[in-house]
Number of protein chains: 2
Amino acid sequence: MADWTLPNEVTIWEVLPRDGFQMESDWIPTEEKIRIIRHLAQTGIKHIEATSFVHPRAIPQLKDAESVIKGVQDLNNITFRALVPNLKGAERAIDAGVRKLKLLLSSTDSHSLNNSNSTVKEAQEKLLPIVDFATTKNVEVSGSLTVAFGCPYEGEVPVDKIIPLIERYNEMGIKEVSLADTTGMGNPIQVYEVLGKLRKTFPDSMFTLHLHNTRGMAFANALAGLSQGVTSFDSSTAGLGGCPYAPNAAGNIATEDLVHGFHEMNIQTGIDVDKLVDAASGVAKTFGHDGGSFVLKAGQNKDLHVKPKRQKKMG
Amino acid sequence: MADWTLPNEVTIWEVLPRDGFQMESDWIPTEEKIRIIRHLAQTGIKHIEATSFVHPRAIPQLKDAESVIKGVQDLNNITFRALVPNLKGAERAIDAGVRKLKLLLSSTDSHSLNNSNSTVKEAQEKLLPIVDFATTKNVEVSGSLTVAFGCPYEGEVPVDKIIPLIERYNEMGIKEVSLADTTGMGNPIQVYEVLGKLRKTFPDSMFTLHLHNTRGMAFANALAGLSQGVTSFDSSTAGLGGCPYAPNAAGNIATEDLVHGFHEMNIQTGIDVDKLVDAASGVAKTFGHDGGSFVLKAGQNKDLHVKPKRQKKMG
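The structure reproduced in this document is the subject of the present report. Since this is a predicted model, take the numbers as computed values, not measurements. (Residues numbered from 1 in each chain as written. Chains lettered and ligands numbered in written order. Predicted model: local features only at pLDDT ≥ 70, side-chain atom pairs only at ≥ 80, totals over all residues. Heavy atoms only, no water.)

What follows covers the overall build of chain A. The helix and strand tally for chain A stands at 13 helices and 10 strands. Within chain A, the fraction of its 315 residues that count as buried is 63%. For chain A, the accessible surface area stands at approximately 12600 Å², while carbon and sulfur atoms represent 49% of it. Charge centroids of chain A, computed over 33 positive and 37 negative side chains, lie 5 Å from each other. (Helix = DSSP H or I, 4+ residues; strand = E, 2+ residues; numbered from the N terminus. Buried < 20%, exposed > 50% of the residue type's maximum accessible area, 1.4 Å probe, protein only. Areas by Shrake-Rupley, 256 points an atom, 1.4 Å probe, with all protein chains shown as cover. Lys, Arg positive; Asp, Glu negative; His and termini not counted. Charge placed at Lys NZ, Arg CZ, Asp CG, Glu CD.)

Contacts between the two partners involve 55 residues from chain A, matched on the other side by 55 residues from chain B. Buried area between chain A and chain B, both sides added, is near 4900 Å², and the carbon and sulfur share of it is 63%. Where chain A meets chain B, there are two salt bridges. Between R310 of chain B and E122 of chain A there is a salt bridge; the shortest N-O distance is 3.0 Å. (Contact = heavy atoms within 4.5 Å. Buried area = accessible area lost by both parts, 1.4 Å probe. Salt bridge = Lys/Arg side-chain N within 4 Å of Asp/Glu carboxyl O.)

Residue and element names in this part refer to chain B. With five of six residues buried, strand β5 (residues 140-145) lies mostly within the body of the structure. Across three bridges, the pairing between strand β4 (residues 100-103) and β5 is parallel. Bridging from a neighbouring strand, L101 pairs with V141 of β5. Looking at chain direction, β5 and strand β8 (residues 176-181) are connected through three bridges and run parallel. Residue S144 lies in a different strand from β8, and its bridge partner there is S178. (Pairing = 2+ DSSP bridges.)

On inspection of all chains with the given rule, the structure shows 12 aromatic pairs over all chains. When the centroid spacing of 6.3 Å and the interplanar angle of 45° are considered together, the rings of F294 of chain A and F294 of chain B count as tilted. One end of the pair, F294 of chain A, is in the loop between α12 (273-287) and α13 (295-298); the other, F294 of chain B, is in the loop between α12 (273-287) and α13 (295-298), on a second chain. Note on F294 of chain A: relative accessible area 10%, which makes it buried. Members of the aromatic cluster, connected to one another through ring pairs, are W4 and Y192 of chain A together with W4 and Y192 of chain B. Between the NZ or CZ atom of K63 of chain A and the centre of the ring of W27 of chain A, over which it lies, the distance is 5.1 Å. (Phe/Tyr/Trp six-rings, centres within 6.5 Å; stacked < 30°, edge-to-face > 60°. Lys NZ or Arg CZ within 6 Å of the ring centre and 35° of its normal.)

Okay, α12 of chain A next. Residue and element names in this part refer to chain A. Between its first and last C-alpha, α12 extends 21 Å over 15 residues, near the 21 Å set by a 1.5 Å rise per residue. Inspection of α12 places V273, L276, V277, A279, A280, V283, A284 and F287 among the buried residues, and these make up the whole buried set. One side of α12 carries all its buried residues, which in axial view fall inside an arc of 160°. Tucked into the core, α12 has its buried residues touching α1 (16-20), α2 (30-40), α11 (255-264) and α13. The backbone nitrogen of D274 has a side-chain oxygen 3.0 Å away, supplied by the residue at the start of α12, namely D272. Two residues or fewer past α12, G288 is found with a positive phi of approximately 75°. (Expected span 1.5 Å × (residues − 1). Arc of directions from axis to C-beta. Polar contact = N/O pair within 3.5 Å; in protein donor to acceptor, adjacent residues only side chain to side chain.)

Rendered as structure tokens:
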């Protein structure tokens, strides 16, 4: 390619409080969740997926969704969204004061059956009542497609399977969709081609990339997205999150890695990397592990060593 | 960018036996080194950096360089090269039967002083006698530039600092240069711009990218190199290798991650990923750790799970 023009500025959606927390097996006290979200809000992060209003039996870790939202609702400079798997969740979220919902839809029947015991078509039918309800409450709704680039049961997901799903979101008035590479199977050429086709087919839609670093390609996939004009990315501080299909593998792309890399490329995020690394370091300490953060281990590029002097030859 | 044309085929230079082994503190018996190289040679890998003829006091782990070369010299289908830091090393390597040398040069004075107690200019002056000697012996010589994209002492390395170094290599008749992101400070836009400028300035030169995943950008940097027509990559099986500046950080990009990702992008390497993963897994077991391999932890994309069936609702 002759030139490589990338956006100057992007939006980071911090998903640690949902994607990260839900993968932790030990109970995280509500006040700890609130403390971490408040810490993240001090780094310059302006968009946070705060929790999921899922049935407490499905994900006990997030059973305190209402209390978490209550504990951060004074942070007026942050746009919060919450994941809602069904109408009941949407009702709970809106009751709790959430002003932006994210819907959940799998891209393949296999993954959908595994996650919600319904085909994609059946799951789609349950979305409209949520949208209708949110509309009456004047609450914003965004969409998501999990396993959008590859499915752990079905392999590569062709873009022709994705297009009708975005089309349906469009028909419901949903213009913002997070495309999730849930198990890190996407490669940058695929991401480039899929996003190219989607942006051409749906010029009014806003696509977010939700990348996992399962096979080491998350940053390259972000680059491919940027190359198609994508300006919105989901990421998780300390890289926490991941998927049950590869329990020891790397999780979500770490916010500090994404932001550090973007800043090196002169792409602005509005986030202070020093403060973010500080928050990430605290999170990794709190949970006793990270999910595959590079900057936490290696430091930032700017963390230089003291220049060596010439050694005198001995003897 | 409108189109994204990448090469269909690339060459992988396996550097585990040099870059990886030299970072291991426990002694690796010579026969073990030979066994691993022979195993790698069965995966379809055709280019191996087998060892370094460095002073035994500097890197005791590689003091058996002659014996290692002797133990693999019957592998006629493999092109071997050895790193030589000085004339003495070159003499030893050629005596041992090595037919391709790789020279070592830092891109910055600070790194050069730290590694060889000489400035870049002083180090350069020591290269010509090696080239002259190799030429009389009809042995091929390639070059390398370490910290070519970022220096842990000096920060970003501007391309204007690199150009005269390639120029000097050119004057000495060396057309093949491995550009090393030794401490993983490069970002893909930088790699794209630097390679673009270098390929334009030195159209007859052959550049190899030697990438470390220290800050999670190695695969993206490979993608940037591919986008500039780079078709040669150094990588280390199991990701072993790394740098003393960030001891716990990820090492060289893992050969299995690079090859798996390239194959997903329809870029051929001639390597059998199953056999390579098997070799990588053995290497990680032998040394009790890997250097940040993703495919070893997560499996390949093709390793699918059994499709779920619909669950009957319980009454």
